[in-house]
Amino acid sequence: MKKVVKFGGSSLASAEQFKKVGDIIHADEARRYVVPSAPGKRFNEDTKVTDMLYGCYGEAEKGKDFKESLYAIKERYNEIIKGLSLELSLDEEFAIIESSFKDRAGKDYAASRGEYLNGIIMANYLGYEFIDAAEVIFFNSDGTFNADYTNEILGRRLENVERAVIPGFYGSYEDGRVKTFSRGGSDITGSIVAKAVGADIYENWTDVSGVLVADPRIIHNPETITTVTYKELRELAYMGFNVLHEDAIFPVRKAGIPINIKNTNKPEDEGTMIVESTCRQPKYTITGIAGKKGFVSLSIEKEMMNSEIGFVKKVLKAFETQGISIEHVPSGIDTMTVFVHREEFEAHEQQVLADIHRMTNPDHIEVETELALIAVVGRGMKSTRGTAGRIFSALAHANVNVKMIDQGSSELNIIIGVKDNDFEKAIKAIYDIFVLVQI
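This section reports on the structure supplied with the text. (Residues numbered from 1 in each chain as written. Predicted model: local features only at pLDDT ≥ 70, side-chain atom pairs only at ≥ 80, totals over all residues. Heavy atoms only, no water.)

## Quick notes on the sheet that holds strand β1 (residues 3-7)
At step 1: Read from one edge to the other, the open sheet built from eight strands follows the order β3-β4-β2-β1-β7-β9-β10-β8, with strand pairing classed as mixed. Strands at the two margins of the open sheet, each flanked by one partner only, are β3 (129-130) and β8 (227-229).
At step 2: Looking at chain direction, β8 and strand β10 (residues 272-275) are connected through three bridges and run parallel. Across the sheet, residue Thr 227 finds its bridge partner in β10, namely Met 273.
At step 3: The sheet strands contacting helix α1 (residues 15-26) are β1, β2 (31-36) and β7 (201-206), and the helix crosses β1 at an angle near 170°. (Pairing = 2+ DSSP bridges. Helix = DSSP H or I, 4+ residues; strand = E, 2+ residues; numbered from the N terminus. Contact = heavy atoms within 4.5 Å. Axes fitted to C-alpha atoms, helices over the stretch in contact; angles between N-to-C directions.)

The following block contains the structure:
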């Protein structure tokens, strides 16, 4: 059996955490390929190493003396090395980093050094081979991930390597320049490695015991989801679930490799299994609840809209021209509503409104702001009657006014629009009716 294991920043923030990780890896011979993140926070007021690197490089870009900031980063790593009693020096690596910062190697290079250095320490600590991700993970010239070429080169590189450490978060362009994924991208690296080696399972270790039904900042001690499908998690991740980077799903999904979300501090917990499909019935009708604030809705009214060919296309074109992505488009016979992110819309609102007027000649346009969208997701909803009714009932009981409801044809999720100030109240009401109240 082959397992790829990825450990997040909180799991590798100190020598003590490194030792926990080492115990976890050595406890299972199948854990052969390790993907580390950069050191995270050791305590609440601490700074993540990635943020320290961004700050340090920012000083270098402005021509300031950044040696003190770089020294502080070096001491973070030396503290880990000393705590692990390793005979390892990173002096040469930091000399290269200092020189590269002076030469303006780029923010991506700067940020990637957190994972790179942690990977060297991890490989030394475990006695595994170290493989620089820049040599095996590749991006196209436009910055998009080159999946096929990466899978070929990485698979070939690891074919005869029994155990290895591959740093997360970054790769390189064809010309060798370092390119990073978006923040949290080490999850993606783990998924890429799992596909390349044909892993039986991809374990993603973090500081929570799996995926939770709802945000613990809103719901006190929410239930853990034992099994979730890729489709369900994709819906939840898009609407704010941050346990796993949403792009980490694609490589392993194509290969049929399950993901197990585990807790470094509670390795005995089963965590959450993320799978392509399952015959396991969910514990509740819903699998999870997620949402985001900060949306704007534009309601366009025009008599006989339904008989005007190309009307919707013209409206959406007004947003496309300004580079604004559409979230949801619920509609009626003579009305359609477009939900967009407020941050994207604000800078272009007058151009969008003018274009809609010019191209469609509407009777009326109404803009409403301070809206939130909540996704109620679950494979169990398809076979359960009255799910939408229970949602409406719970929200009405909590005095939450529903601004929009949209259900996909797959019956996997229901999207609800509410005012920003009703967001937390709405999530609590939905959680209570499906999880705390069993019918």
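Let's pick the thread back up.
## Details of a negative patch on the surface
At step 1: Negative charge collects at one region of the surface, where Glu 301, Glu 303, Asp 334, Asp 363 and Glu 366 lie side by side.
At step 2: Topologically, Glu 303 is positioned in the loop between β11 (288-301) and α10 (311-321).
At step 3: The exposure class assigned to Glu 303 is exposed, which follows from its relative accessible area of 63%. (Patch = residues over 30% accessible without salt bridge, like charges linked within 9 Å, V, L, I, M, F, W, Y side chains within 5 Å. Areas by Shrake-Rupley, 256 points an atom, 1.4 Å probe, with all protein chains shown as cover. Salt bridge = Lys/Arg side-chain N within 4 Å of Asp/Glu carboxyl O. Lys, Arg positive; Asp, Glu negative; His and termini not counted. Charge placed at Lys NZ, Arg CZ, Asp CG, Glu CD. Buried < 20%, exposed > 50% of the residue type's maximum accessible area, 1.4 Å probe, protein only.)

## Focus on the side chain of Ser 112
At step 1: Counting through the fold element by element, Ser 112 comes out in helix α5 (residues 107-126).
At step 2: Take Ser 112: its relative accessible area is 0%, and that puts it in the buried class.
At step 3: If we skip the residues at most four places from it in the chain, Ser 112 touches Phe 169, Tyr 170, Val 178 and Thr 180.

## Overview of the pattern of salt bridges
At step 1: The tally for this structure, following the rule as stated, stands at 28 salt bridges.
At step 2: Asp 187 is paired through a salt bridge with Lys 6; the nearest N and O atoms lie 2.9 Å apart. Taken as a pair, Asp 187 in helix α7 (residues 186-197) and Lys 6 in strand β1 lie far apart in primary sequence, 181 residues in all. Each member of the pair, Asp 187 as well as Lys 6, is classed as buried.
At step 3: The salt bridge partner of Lys 102 is Glu 98, with a shortest N-O separation of 3.6 Å. Here the residue Lys 102 and the residue Glu 98 both occupy positions in helix α4 (residues 91-102), the gap between them amounting to four residues, near one helical turn.

## Some details on the packing of helix α3 (residues 67-83) against α4
At step 1: Where α3 meets α4, the axes come as close as 11 Å, and the angle between the chain directions of the two elements is 150°. Judged by the angle between their axes, α3 and α4 are roughly antiparallel. Considering only the axes of α3 and α4, their crossing is right-handed. Contact residues: α3 offers Lys 67, Leu 70, Ile 73, Lys 74 and Tyr 77, while α4 offers Asp 91, Phe 94, Ile 97 and Glu 98.
At step 2: Of the residues that constitute the contact of α3 with α4, the class distribution is five nonpolar, no polar and four charged. (Parallel < 35°, antiparallel > 145°, perpendicular 65-115°, else oblique. Left-handed = near helix turned anticlockwise from the far one by under 90°. Nonpolar A, V, L, I, M, F, W, Y, C, P; charged D, E, K, R; others polar.)

## Remarks on α3
At step 1: Between the first and last C-alpha of α3 there are 24 Å, a value that for 17 residues agrees with the 24 Å anticipated at 1.5 Å per step.
At step 2: Every buried residue of α3 is listed here: Leu 70, Ile 73, Lys 74, Arg 76, Tyr 77, Ile 80 and Ile 81. End-on view of α3: buried residues confined to an arc of 145°, all on one side of the axis. Opposite its buried face, α3 presents the exposed residues Glu 68 and Lys 82, each directed more than 90 degrees away.
At step 3: Two residues or fewer after α3 comes Ser 85, characterised by a positive phi angle close to 55°. (Expected span 1.5 Å × (residues − 1). Arc of directions from axis to C-beta.)

## Considerations on the layout of surface pockets
If a probe the size of a water molecule is rolled over the atoms, the empty space left behind becomes visible.
At step 1: Volume-wise, the largest pocket comes out at about 1,400 Å³.
At step 2: Lining the largest pocket are 47 residues, with Lys 48, Thr 206, Asp 207, Asn 242 and Val 243 positioned closest to its centre.
At step 3: Listing elements by their share of the lining of the largest pocket, those giving two or more residues are α7, β7, α8 (230-238), β11 and α14 (423-436).
At step 4: Sorting elements by how many residues they give to the lining of the largest pocket places β11 first, with four residues.
At step 5: Broken down by class, the residue content of the lining of the largest pocket amounts to 19 nonpolar, 16 polar and 12 charged.
At step 6: Its boundaries defined by the atoms lining it, the second largest pocket holds a volume of some 260 Å³.
At step 7: Taken together, 17 residues line the second largest pocket, and the ones lying closest to its centre are Thr 229, Ser 277, Thr 278, Arg 379 and Leu 412.
At step 8: Taken together, the residues of the lining of the second largest pocket break down into three nonpolar, eight polar and six charged. (1 Å grid on protein atoms, 1.4 Å probe; cavity = no way out; pocket = protein on both sides within 12 Å on 5 of 7 lines; lining within 4 Å. Points joined across faces, edges and corners; volume = space filled by probe spheres on them.)

## Some words on the sheet that holds strand β12 (residues 335-341)
At step 1: As summarised here, the arrangement of the five strands in space is β12-β11-β13-β15-β14, forming an open sheet in which the pairing is antiparallel. Of all the strands in the sheet, the pair left with one neighbour each is β12 and β14 (404-407). Here the strands of the sheet are splayed against their neighbours by 35° on average, with no regard to which way each runs.
At step 2: Summarising the sheet, strand β13 (residues 364-377) and strand β15 (residues 413-419) pair through seven bridges and their orientation is antiparallel. Considered in β15, the bridge of Leu 371 is made with Lys 419.
At step 3: Across the face of the sheet, α8 comes into contact with β11, β13 and β15 while running at roughly 65° to β11.

## Structural notes on unusual backbone geometry
At step 1: Phi at Ser 85 is positive, roughly 55°, even though this residue is not glycine.
At step 2: In this fold, Ser 85 is placed in the loop between α3 and α4.
At step 3: In this structure, Arg 104 takes a positive phi of about 60° despite not being glycine.
At step 4: Checked against the element boundaries, Arg 104 lands in the loop between α4 and α5.

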